[in-house]
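Chain by chain, the residues run as shown.
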Amino acid sequence: MFPGRMALSPASLLCAPPEELQELAFIERPIRRSLKTPEEIDQLTVDEDLNDIERAVYLLSVGQEVQRASVISNLPSLVRQNPAETFRRVVPKVREVLNGAGAEIQLAAATSFLTILQDDIILIHTHTYSILKTILLHLNHRDTVVSNAWLETLLSAINALPKETIRQEVLNPLLYQSQMSHSLQTRLASCRILGKVACKFDSHIVKKELLPLVRSLCQDLEFEVRVCMCRQLENVARATGVEDMRTELLPELVELAGDEESSVRLAAFDTMINLMEIMDSDERLHVVVPLVMSVCDASSQVDEAIMAALSFQFGKLCSGLAGSVSDEQKGRLLQRFKVLCVAGLQTEGNQTDGNTESTLIRCNCCYNLPAMVVFADPAHFLSELYSSFSSLCCDPEVSVRRSAAASFHQVVKLLGSNVQLVHKELLSLLQDDALEVLDALMNHFEEILETVLSRGENLTLDNKFPELLSTLLLAEQKVGCSLRWRLHEKLLQRYSCLARLLPGELLHQSFSPRIFIILTTNKVLPVQKEAARTFCTFLRYNRKQEQRQEMMERLIQDLAQGRSYWNRLRFLDVCETATEIFSRKYFNKHFLIPALELVHDPVANVRYKLCQLLPRLRSSLRLPADKHLLQKLDFCVQKLLCREKDKDVVATIRKTVLELDKLDLSEPFHKRQEKDLLDQKKEKEETLLLEMEQLERQQSDAKLNSDKHERKRRDSKTSLSATKSMSVSSSAATSSSTGKEMRKAKLSRSRSLSSQPTSSKPLNSDRPLKVKDLSCSSGPGKSSMFSGKDESLRTAHFTMATQSSSPSSPMPVLIRSNTTSLLDRASTHDQRDHRTSALDHRTNSMDHRNNKMDHRTSTLDLRSKTMDRGCGVKDNQSRKLSISRKSNSFSIQSGQD
């Protein structure tokens, strides 16, 4: 059934023919041949009694090449141990080995000397001759790679060498090697050495000894030498000073800018851009601006490599020329940048030609976007640069879109209140199919959200909030479905800033459930821990008591009391994070008891995790306030010590007990004091959140009552005017009727007036309301009012709570930055409401007085009616009593309404 396995069994090998056994033996032969022979082992063996210096000398003398390379690579360690003996005995041997050595040993030696010079292992003044002579000896090696390695070592040595040594050992040979008779490689090295040593001397020596050599190399026949020297002119110009640069080097730069080789012109162009900061306005206007205009006009005819280099410097160029160009020249520069933004893109369908240089040009344009926004003025962004910016954000190449996402936060900051202009591009980058784009956007996503969501007076983004929030949720789901767990962790970390940027109601409805699902279902531990941190952050900054209670209940029910031991482990991770985010008081009230109850967990891994967490739980307790909690923790430890059967848990709890005993003694006093101060700050912030919540409810309920009172007042006025008009019309219509009918009309008028609601006692908007009253007054009107006045309430509450706290306590960043205008607006609304309520109170008092006068008039009419009829005293009293009872019942009923 399994012939392969049958052929490999031991019985089959014993019964196999001799030919197969010979084949198996032939397979083993190469393994035996690859081992070292006894003679080779003897050659590689070194006496154990030799010290490091003697062993290095011995191996450099008679060892093999691999041993010599190993000793040379270990040369920095020998210098650290014994610098005197190493330079006296080992370095001369290294110098002997380097004569005629291969490239491997040469590179190892150059790297070792470079490490010695960079780490400042030795005093360079003491061993200058040993190092510098070795470097200069092999500087002109025939292998270009080896020569460049020794050149880098020399350039590093120049930083540590004294001036006189550089002048004698470096500059004198340099004057000779820079002549045309030497090789191209030697002259290129001379250019780099000139740029390096120029900063070591003062301007007089540079002008006298180095400038003639610089001019000769700038006029070299080989364009590579001219390019290399042109790149070093910046260092030489800074060393000579502004005046000498203007008279000596600027003409050379202008001449190189008109060179026949495009690479030379580009090098001169870059050097001139770098030197613009030390030029005055006249030099920029008469030298740089014409040169830039000519390069921009001719860039369409040159190759794309030159355009790529130009595009990289374009933002710096425009920033330097911002105050020197005219409006027409500024427009030409902006037009050239627009052309660079679409370089390599075909007009139909926005297709790319697949050229690498074109892609690099557009990436450089993304890099220069912030500088170009400043150059064009952010107020003109829509008319000048928006089309180019939108094109780069929707580029067909992923690398271009990633570059646009990397610079997106700078563009958003520059736009400020006009950030809604790039809202579509933000959504496009968040919904990009390539996760690399989202990764680049997440690097500064907190700054982007702060700018986008801090709207100030600009309310045009209100209708775009749902789209942005849904896009954020979709982006998280897309990353969660991929294998990029590091990006998922970064995204959850960035989303934690939403706790202080979004309203608590919106955050609780949209993001908190999704974060909790990640916490309970994701299998990647770093992602789970970051989700726990984000969820705890949402919980801490939520200002609704009911919502906080609901979130805590979900943590307890689904995690601490969950059916899966995996969820119970996650609850302990949440507790570990909660100790860092919440104050000790809040943690001990909500998290400590559920965590200690896991001592009864049937799974050993949960108890093992709890044992590791016990020192952190113990550090959150302070005596004597937490004495009962300390007793419960001690009971938990005793239970683990007495009844635990798992050996790993037993070993862990024993270590934990030792840590608990040393916890109060090992921690320094200043560390403990810092933790206490930080905890006090957290507790003040949490208390401030509760006060803000209570204040929000009071103001919202007062607003509801004032609106209700306003409606009642308007209704009473309307009914009163209608009643008066009806009474007047009825009296005019019955002027010719009998006195009995007139008295009936008066009686009906008094009844109608008494049935109107009397002026109730005005509500005091400043008195605190109970939670029960607030819960009974909830309704759809209340929720809409919360959504409409959330920003003003938030700002006013934060300011009032800040005034109530101590002035020395640090304030948490809980609200957006636009608090001043909203606070003024809230105070204005409160003053208006107070004035309106006072005015309503006066009006209602006047109405109540009018009602009383009408009631008295009707009573007098009734009395005259009774007297005219001449009825008995008993009947009159009974009638008046019945009428007054009716009027009183009407007034009582209206008061109840």
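For clarity, every value in this text was computed on a predicted model and none was experimentally measured. Sequence positions are assigned chain by chain, starting from 1 and proceeding in written order. Reporting in this predicted model follows two pLDDT cut-offs: at least 70 for local features of residues, and 80 or more for side-chain atom pairs to be given and counted; totals over whole chains, interfaces and linings ignore these cut-offs and use all residues. Water and hydrogen atoms were dropped before computing side-chain values, which therefore reflect all heavy atoms in the structure.

(A) Fine view of the nonpolar core. The set of buried Ala, Val, Leu, Ile, Met, Phe, Trp, Tyr and Cys residues whose side-chain atoms join them within 4.5 Å is what this entry labels a nonpolar core. For the exposure calls, accessible area comes from a 1.4 Å probe over protein chains only, and a residue counts as buried if that area is under 20% of its type's maximum, exposed if over 50%, partly exposed in between. Grouped together as the largest cluster of nonpolar side chains are 208 residues, with contacts concentrated most on Ile193, Phe511, Leu555, Phe591, Leu614 and Leu617. Secondary structure counts use DSSP, requiring at least four H or I residues in a row for a helix and at least two E residues in a row for a strand, with both numbered from the N terminus. For this core, the element with the highest residue contribution is helix H15 (residues 223-240), accounting for nine residues. Residues in contact with Leu617, not counting those within four places in the same chain, are Phe587, Leu592, Ala595, Leu596, Leu610 and Leu633. In what follows, a contact means two residues having at least one pair of non-hydrogen atoms within 4.5 Å.

(B) Layout of unusual backbone geometry. Non-glycine residue Asp377 carries a positive phi angle of around 80°. Its place among the elements puts Asp377 in the loop between helix H22 (369-376) and helix H23 (381-384).

(C) How the structure looks around the pattern of salt bridges. What makes a salt bridge here is a side-chain nitrogen of Lys or Arg within 4 Å of a carboxyl oxygen of Asp or Glu, nothing more. Across all of its chains, the model carries 34 salt bridges by this definition. Glu328 is paired through a salt bridge with Arg332; the nearest N and O atoms lie 3.9 Å apart. Placement of both Glu328 and Arg332 in helix H20 (residues 327-341) is noted, with a separation of four residues, approximately one turn of the helix. For Glu328, a relative accessible area of 49% translates into the label partly exposed. Between Glu447 and Lys413 there is a salt bridge, with its nearest N and O atoms 2.7 Å apart.

(D) Quick look at H22. Taking burial as the measure, the eight residues of H22 include six buried ones, the bulk of the element. Listing the buried residues of H22 in full gives Leu369, Pro370, Met372, Val373, Phe375 and Ala376. Among the residues trailing H22, Asp377 stands out with phi positive, at a value near 80°.

(E) Broad picture of the packing of aromatic side chains. Geometry of aromatic contacts follows a simple scheme: Phe, Tyr and Trp rings, the Trp one being its six-membered ring, pair when their centres are within 6.5 Å, and the pair is stacked under 30 degrees between planes, edge-to-face over 60, tilted otherwise. Taken as a whole, this structure holds 14 aromatic pairs when the rule is applied. On the numbers, 5.5 Å between centres and 5° between planes, the contact of Phe312 with Tyr367 is stacked. One end of the pair, Phe312, is in helix H19 (residues 304-320); the other, Tyr367, is in helix H21 (residues 356-367), and 55 residues separate them in sequence. Residue classification places Tyr367 among the exposed residues on the basis of a relative accessible area of 54%. Considering the side-chain rings of Tyr495 and Phe511, the 6.1 Å spacing of their centres and the 85° angle between planes classify their relative orientation as edge-to-face. One end of the pair, Tyr495, is in helix H31 (residues 485-495); the other, Phe511, is in the loop between helix H32 (504-510) and helix H33 (512-521), with 16 residues separating them in the sequence. No difference in accessibility class separates Tyr495 from Phe511, as the two residues are buried. Two conditions define a charge sitting above a ring: the NZ of Lys or the CZ of Arg must be within 6 Å of the ring centre, and it must be within 35 degrees of the ring normal. One residue, Lys330, lies across the ring of Phe375, its end atom 5.4 Å from the ring centre. Here Arg570 stacks its cationic end above the ring of Trp566, 4.7 Å away from the centre of that ring.

(F) Focus on H33. Taken residue by residue, H33 has Ser512, Ile515, Phe516, Ile518, Leu519 and Thr520 as its buried positions. Taken together, the buried residues of H33 touch helix H30 (465-481), H31, H32, helix H34 (525-540), helix H35 (545-560) and helix H36 (565-581).

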